[in-house]
Structure formats: structure tokens, C-alpha cells
Number of protein chains: 2
Amino acid sequence: MPLNPVRRVSLAHDITDQLSRAIVAGDFPAGTLLSEPMLARRLGVSRAPVREALIELSTRGMVEFDDRGRSRVPSLGHDDLVDILGIRMAIEPLAAALAARRRDGAALAELERNLAATRVAASAAELAACDGAFHSGVVRASGSRRLGLCWKVVEHQVDLWLTQMQSRVESFCEKVRDTTAASHGILLEAIRSGDHRRADTLARDHLAEWQRILAPAA
Amino acid sequence: MPLNPVRRVSLAHDITDQLSRAIVAGDFPAGTLLSEPMLARRLGVSRAPVREALIELSTRGMVEFDDRGRSRVPSLGHDDLVDILGIRMAIEPLAAALAARRRDGAALAELERNLAATRVAASAAELAACDGAFHSGVVRASGSRRLGLCWKVVEHQVDLWLTQMQSRVESFCEKVRDTTAASHGILLEAIRSGDHRRADTLARDHLAEWQRILAPAA
DNA sequence: TCCACGGGTATTGTCGACAGTCGACGGGCG
DNA sequence: CGCCCGTCGACTGTCGACAATACCCGTGGA
């Protein structure tokens, strides 16, 4: 049996993930002060890894430092959604096009698995998770580390916006599951076939679709 | 006389800037191990702010953490330039278009001043500094904090690439000064007049110009 | 009643210290 | 002669501590 190399986990990375999830989940409402001692106490660690996590999150736009070093959960409004989707429309078509040029087998297989999971997503949360993972997967399939860094800036912003708007997608989620799966499916097909022009367009259209869906909620 | 609020400078931010400049300046060749104790000793501070600076720089693609937490200066090759310019062609036209929609007076004035400085730039280094500041200024003028975060990922990458390629722009710098100033000038004019369509195109063209200039050097 | 003031509290930025881990190096053994 | 192992040094990840600073709140005085 092949021994897999053990992955080294640092508290800081773990905390980054946990905080990220907690913020998106709405555990910390917009404007909440995230004091380091408070988080450290709750997490049962010292301030050092918490601090590192907050710095990391600040570069992803999930927390903001004020002029005195205190970090808070940013408060997203209507124009933030426009901003976020605008940036995603700049990043994601590029990622899709690069992925189509690259055609990395492993990445494509991962997208394939994701697509399968999307098609049978049972809950709204599950669908949202699949959708997020698909878009992240496309960026990863692009093979550009730098694009991956840019992606982190917007990766969870729409989720955060939805949480803060409290307009959970629950209501219209079932009816978008099939269209989501369909869009992802044809985009993946374009990537797999290496048609970068088409991949670019499809990614753009897919985002425009989301834009239409989310616009009324704003 | 209006007393300006004193800006609190943290060692970490200061170190981030210093390291960034040092890396771009080529003080640390590609692949150099940036050990925290070494940097702390040289800077006369403890490891804590150095660590924070390295984390910040890693999100900007100026240092890379390997699987064991050691940070090194990334080694940029030919395809990195393609990657970088590709991302910039996604980000900057958007920034220019947003800036044109926004037309922020202060930001425009800053760009104006920068343009004036560009026109009289005497040395290659000075021109490079002006050019960098102009592009950063456009992103700032877009008013999007998130776009600003993305921008940081590519902000100094071309400079780093040039440093590592050792093909200093010295040679053909004088002759690009005027074309740079001209390109910036018409872009700024488009932004000021609020023509976002044109601003988008001009930003793209300006980058394509750079692409043509840098391609042979690769 | 309202404002100025001062102590107490909480938080940030920075520091030094320690444990765990890894690579380099040299000595002993087959 | 080559391989293995133990030791040493260096570095990272994490911790607790301290000074500086800003806020909160109760108190005293006008």
C-alpha cells in the first residue's frame, strides 16, 4: 500500500479556512469587529496564527483593517455586487480560455466529478458549494498561479453578499440547478475540446446569467 | 494650516515595502531563500513583522512559500510574462472603464501630475516608476477596492521579470518615453471625458504595445 | 442638566523564547 | 569503499508577555 505523503497543516491555514467559512456563513454580521484576542480565545490558540489568518483574509477582501489595525467584516451593498461580478467577468473568461489552451487532464477530471455532483445536488447549500468549486476548478485548470491569487479576491464575495442581503437563494435554487449544471457542462466541453474562444464566451455568458438572476435581489 | 492626520506606520508595512523594492531591484536573485531570522537580523527587528510582510508579499506573488513554509523569490520565465500580461489585459481595461464612469477629481488630478512627470522623466528608472504609478493610479481611480487587491498581484511582476531577465530596458527606454506619455495621455483624456468604451480599448492597446516591446526580449 | 476629566479596560504591534522538524556533516560499521 | 546513523545547526510555527494607545464610563464641577 502506497504511503501518501502527509500534508502539513498549519494552524494559521486552518484558521483562515474556518474564519472564511464562518464569515460567509454569517456568523459575523457586517461590520463586526474581529478582535484577535476574542478569536484566539474562541479557537483555543494564541494570537499569532489568528493574526496571520486575518492578514490573509484581508488580501481576499473578507476582512478590512481600519486605520487603527482593527479588522472588521466588510459591509457589502448593491454596488459591491456590480463590482464583484464585473471583476469576475474579467477574470473567469480568461481562466476558461487558458484552461482550454492547457487541457490539463487532472483538472478536467476534477471538473467532471464536480459536474456530476452538481447534477444531483439536493440542497441549495450543496448546489452553491458545487458551483463555487466548479468556478475555482476552472481557475485552477488555467494553470496560472497569479490568476489563482486574483481569484481569491472574489472567490467568496458573492456568497458573502448573499449572506448579508439575507436574500438566500433557497427560493429559486431548485430551478437554477439544472441551468447551472447545463452551463457548466457546455463550458467544460469547450475547455476539454480546446476551444478557448468559445470557453471565453461561455464563461462570460454564464456570469451574465448570474448577473440577471442576482440583479433583482439587489 | 490644516494639520494632516499622522499616518501610523507599522513596521510590517514598512518592511513589506522595503522587501518589495529590494526584490524588484534584484537584491535577492530568483530562488533566493528569504529566511525570517536573516531578514529580521538585517532589518534590526524581530521575526513577527518580517513574517507578516512575507505573508503579504506571498499574496502578491512576490515570494512563494514552499511546502515547508520557507519563502523564496519566485523564478520567472518566458511564459510568466505571457501570463502576467494576459492578466493585466483582463484587469486594466476594466479599471480604465470604471475610472471613466467614475471620473473622480482627485484621482484624475493625480494622474495628470503623473503624466507631467512622465513627460520629463530623465532616466529609465524614473520612467519605469512613472509608468508603474500611472497604471496603479488608473486602478485606484476605478474606485474598486477589490480590483485594487487584484492589481497588487501583478503590480510589480513585469518589473521583477525584467530584473530577472537582466534585459534592462535601458537600451530602448528613451525612445519609448514619448510613446508612453502619449498613450497615457490619450487614455487619461478618455477617462476624463467619461468615454468608458474608449478607455477600455485604449488600455488594452497600451498593454498590447508593451507586449510587442517585451516579446522579443523573452 | 451638561460638560470636562481621569481611571480602568481592551486591543494592537512587537518582542523574545521554545518545541518540532529538516538538512548537512561526520563517524562507525558492514 | 559505501551505507547508515547520530549529532548539530538552522528555520518555522506557535506561544506568552509587554508597552503604547484608544475607548468606555463613572465622577466631579459649573
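These numbers were taken from a predicted model, which means no experiment stands behind them.

*Asks:* Run through the relation of the copies chain A and chain B, naming residues and quoting values.
*Replies:* You can overlay chain A on chain B at an RMSD of 0.0 Å; the transform is a turn of 180° with a shift of 0.0 Å along its axis. Taken together, the rotation and translation describe the operation of a two-fold axis. Comparing interface residues between copies, 100% of those in chain A also lie at the interface in chain B; the contact surface is shared.

*Asks:* Lay out the packing of helix α2 (residues 36-43) of chain A against helix α3 (residues 47-58) of chain A with the relevant residues and their values.
*Replies:* Residues and elements named next belong to chain A. Put simply, α2 and α3 touch, their axes get as near as 9 Å, and they point 115° apart. Taken as a pair, α2 and α3 cross one another with a handedness that is right-handed. Facing α2, whose interface residues are E36, P37, L39, A40 and L43, α3 presents R47, V50, R51 and L54. Its residues assigned to classes, the contact of α2 with α3 comprises 6 nonpolar, no polar and 3 charged.

*Asks:* Run through the interface of chain A and chain B, naming residues and quoting values.
*Replies:* Opposite the 30 residues of chain A that make contact, chain B presents 30 residues. For chain A, the biggest contributors to the area lost against chain B are E52, I55 and R146 of chain A; these three give 25% of the whole. Here chain A is connected to chain B by 8 salt bridges. The residue D80 of chain B makes a salt bridge to R146 of chain A at a minimum N-O spacing of 2.3 Å. Between chain A and chain B we count 12 residue pairs in polar contact (both at pLDDT 80 or more) in total. If you list the elements that add at least two residues to the side of chain A that touches chain B, you get α3, α4 (78-102) and α7 (145-154) of chain A. Residue composition of the side of chain A that touches chain B, grouped by class: 12 nonpolar, 6 polar and 12 charged.

*Asks:* Now, about the domain arrangement of chain A: what can you tell me, with residues and values included?
*Replies:* All names here are of chain A. Examined at the domain level, chain A breaks down into domain 1 (11-72) and domain 2 (78-217). Counting residues at the interface gives 11 residues for domain 1 and 8 residues for domain 2. Together, V24, R60 and M62 form the three largest contributors to the area buried by domain 1 at its contact with domain 2, with a combined 58%. Counting across the interface, domain 1 meets domain 2 through 1 salt bridge.

*Asks:* Which residues make up α7 of chain A, and what values go with them?
*Replies:* Taken across its 10 residues, α7 of chain A has 7 buried, putting it largely inside the fold. If you check which residues of α7 of chain A are buried, you get R146, L147, L149, C150, W151, V153 and V154 of chain A.

*Asks:* Just give me the short version of the packing of α4 of chain A against helix α10 (residues 196-214) of chain A, but keep the residues and values in it.
*Replies:* All names here are of chain A. Relative to each other, α4 and α10 sit at 155°, their axes nearing to 7 Å. With respect to α10, the axis of α4 lies roughly antiparallel. Of the two elements, α4 crosses α10, and the hand of that crossing is right-handed. Across the interface between the two elements, L81, L85, R88, M89, E92, P93, L94, A96, A97, A100 and R101 of α4 pack against H196, A199, D200, A203, R204, L207, A208, Q211 and L214 of α10. Looking at side-chain class alone, the contact of α4 with α10 contains 13 nonpolar, 2 polar and 5 charged residues.

*Asks:* Explain the protein's contact with DNA strand D residue by residue, including any values.
*Replies:* Close to DNA strand D lie 17 residues, the nearest being L11, S46 and R68 of chain A together with R47 and R51 of chain B. Looking at DNA strand D alone, sugar and phosphate atoms form 70% of those within 4 Å of the protein. Separating a phosphate oxygen of DNA strand D from a backbone N or O atom of S46 of chain A is a distance of 2.8 Å. Within the side chain of R51 of chain B, a nitrogen or oxygen atom sits 2.8 Å from a phosphate oxygen of DNA strand D. Here the element with the most residues in the surface near DNA strand D is α3 of chain A; it accounts for 3 residues. Grouping the constituent residues of the surface near DNA strand D by class yields 6 nonpolar, 4 polar and 7 charged.

*Asks:* Give me the lowdown on the protein's contact with DNA strand C, citing residues and values where you can.
*Replies:* Neighbouring residues of DNA strand C: 17 residues in total, closest P37 and R47 of chain A together with L11, S46 and R68 of chain B. Near the protein, within 4 Å, the atoms of DNA strand C are sugar or phosphate in 72% of cases. Between R47 of chain A and DNA strand C, the recorded distance is 2.8 Å, taken from a side-chain N or O atom to a base oxygen. Contact distances for DNA strand C include 2.6 Å between a sugar or linking oxygen and a side-chain N or O atom of R68 of chain B. Listing elements by their share of the surface near DNA strand C, those giving two or more residues are α2 and α3 of chain A together with α1 (11-24) and α3 (47-59) of chain B. Sort the elements by how many residues they give to the surface near DNA strand C and α3 of chain B lands first, with 3 residues. Across the surface near DNA strand C, the residue classes tally to 6 nonpolar, 4 polar and 7 charged.

The rules behind the values
Residues numbered from 1 in each chain as written. Chains lettered and ligands numbered in written order. Predicted model: local features only at pLDDT ≥ 70, side-chain atom pairs only at ≥ 80, totals over all residues. Heavy atoms only, no water. Least-squares fit on C-alpha atoms with pLDDT ≥ 70 in both. Contact = heavy atoms within 4.5 Å. Axes fitted to C-alpha atoms, helices over the stretch in contact; angles between N-to-C directions. Helix = DSSP H or I, 4+ residues; strand = E, 2+ residues; numbered from the N terminus. Left-handed = near helix turned anticlockwise from the far one by under 90°. Nonpolar A, V, L, I, M, F, W, Y, C, P; charged D, E, K, R; others polar. Buried area = accessible area lost by both parts, 1.4 Å probe. Salt bridge = Lys/Arg side-chain N within 4 Å of Asp/Glu carboxyl O. Polar contact = N/O pair within 3.5 Å; in protein donor to acceptor, adjacent residues only side chain to side chain. Domains from an automatic or database assignment. Buried < 20%, exposed > 50% of the residue type's maximum accessible area, 1.4 Å probe, protein only. Parallel < 35°, antiparallel > 145°, perpendicular 65-115°, else oblique. Near = heavy atom within 4 Å.

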